[in-house]
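Inside the fold
These are the residues of each chain, in order.
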Amino acid sequence: MIRLLLAEDHHLVRGAFVALLGTEPGIEVVGEAGRGDEAVRLAAELRPDVAVLDIDMPVMDGLEAAERLATVAPACRIVIVTGHGRPGYLRRAMEAGVRGFVGKEHPATALAKIIRQVHEGRRYIDPELAADALALRECPLTPRELDTLRAAAGGAPVSRIARALGLSEGTVRNYLSAAVTKLAADNRHAAVRHAKDMGWL
């Protein structure tokens, strides 16, 4: 029996997944979560064999939850389910140790097959997302520019970013300006969104 944890922030979608996967032989849904942080807590408590995580969840997204699961439940295999195919997310997912990456448009029977495949130690990557990821350009930002952009993601002022990174405010402004220019963004908030969409943050 495959012990499954399911994390999806839309209650109706989560309920449908639980109902459909609950009818699949050999799969038992042992936990449900609506947020990434809840999924991490439940995984540590329940020790599921496989966790199916929606990529977009409040408080902690599916990719961050996957990274944390590697620490709190290292034996748990992870499948990321996404409603939109941003190829940069695939790279981040692979770096987090995710074994499956699938679009929400797949029927429950296909998801059940993918869960079994991942449980057996194999991978499943949506072929279209894989092709898009191969065509993805490399990140043009330096590690310091990425660090600064990451620190700016929450909307913190330059002074707070400078303190957090141990840099001068002028240096922070320079890094943010360089990132905005390299990403052809209108401002640092747009640069953060673009870098996240590409999987660089």
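Residues numbered from 1 in each chain as written. Predicted model: local features only at pLDDT ≥ 70, side-chain atom pairs only at ≥ 80, totals over all residues. Heavy atoms only, no water.

Here we come to the overall build of the protein. Scanning the protein from terminus to terminus reveals 10 helices and six strands. Taking 201 residues into account, the globule formula puts the C-alpha radius of gyration at 17 Å, and the protein, at 18 Å, falls close to it. Over its C-alpha atoms, taken along the principal directions, the protein stretches across nearly 60 × 35 × 30 Å. Counting only residues that meet the buried cut, the protein has 45% of its 201 residues in that class. (Helix = DSSP H or I, 4+ residues; strand = E, 2+ residues; numbered from the N terminus. Rg over C-alpha atoms; globule rule 2.2 N^0.38 Å. Buried < 20%, exposed > 50% of the residue type's maximum accessible area, 1.4 Å probe, protein only.)

Attention now goes to the domain arrangement of the protein. For the protein, the domain assignment lists domain 1 (2–134) and domain 2 (143–197). Its C-alpha centre places domain 1 at a distance of 30 Å from the equivalent point of domain 2. (Domains from an automatic or database assignment.)

Below, the discussion takes up the UniProt feature "modified residue: 4-aspartylphosphate" (unreviewed entry) in the protein. Here the UniProt feature "modified residue: 4-aspartylphosphate" (unreviewed entry) sits at D54. Position of D54 relative to the elements: it lies in strand 3 (residues 50–54). Residues contacting D54, with those up to four places away along its chain left out, are A7, E8, D9, G62, V81 and K104. (UniProt positions renumbered as here; feature names shortened; annotations may be inferred. Contact = heavy atoms within 4.5 Å.)

A word on the pattern of salt bridges. Per the counting criterion, the structure on display carries 10 salt bridges. For E120, the salt bridge identified is with R122, shortest N-O distance 2.5 Å. Taking relative accessible area as the criterion, R122 reaches 44% and is therefore assigned partly exposed. It is possible to trace a salt-bridge network through shared partners that takes in R35, D37 and E38. (Salt bridge = Lys/Arg side-chain N within 4 Å of Asp/Glu carboxyl O.)

Take the side chain of R14 next. Mapped onto the elements of the fold, R14 is located in helix 1 (residues 11–21). Polar side-chain contacts of R14 include one of 2.6 Å to the backbone oxygen of E8. Apart from residues no more than four positions distant in its own chain, R14 is found in contact with L6, E8, D9, E32, A33 and G34. (Polar contact = N/O pair within 3.5 Å; in protein donor to acceptor, adjacent residues only side chain to side chain.)

Now for helix 3 (residues 62–72). Turning to helix 3, its buried residues are G62, L63, A65, A66 and L69. The buried side chains of helix 3 occupy one side of the element, clustering within an arc of 155 degrees when seen end-on. Between a side-chain oxygen at the N-terminus of helix 3 and the backbone nitrogen of L63 the separation is 3.0 Å; the capping residue is D61. (Arc of directions from axis to C-beta.)

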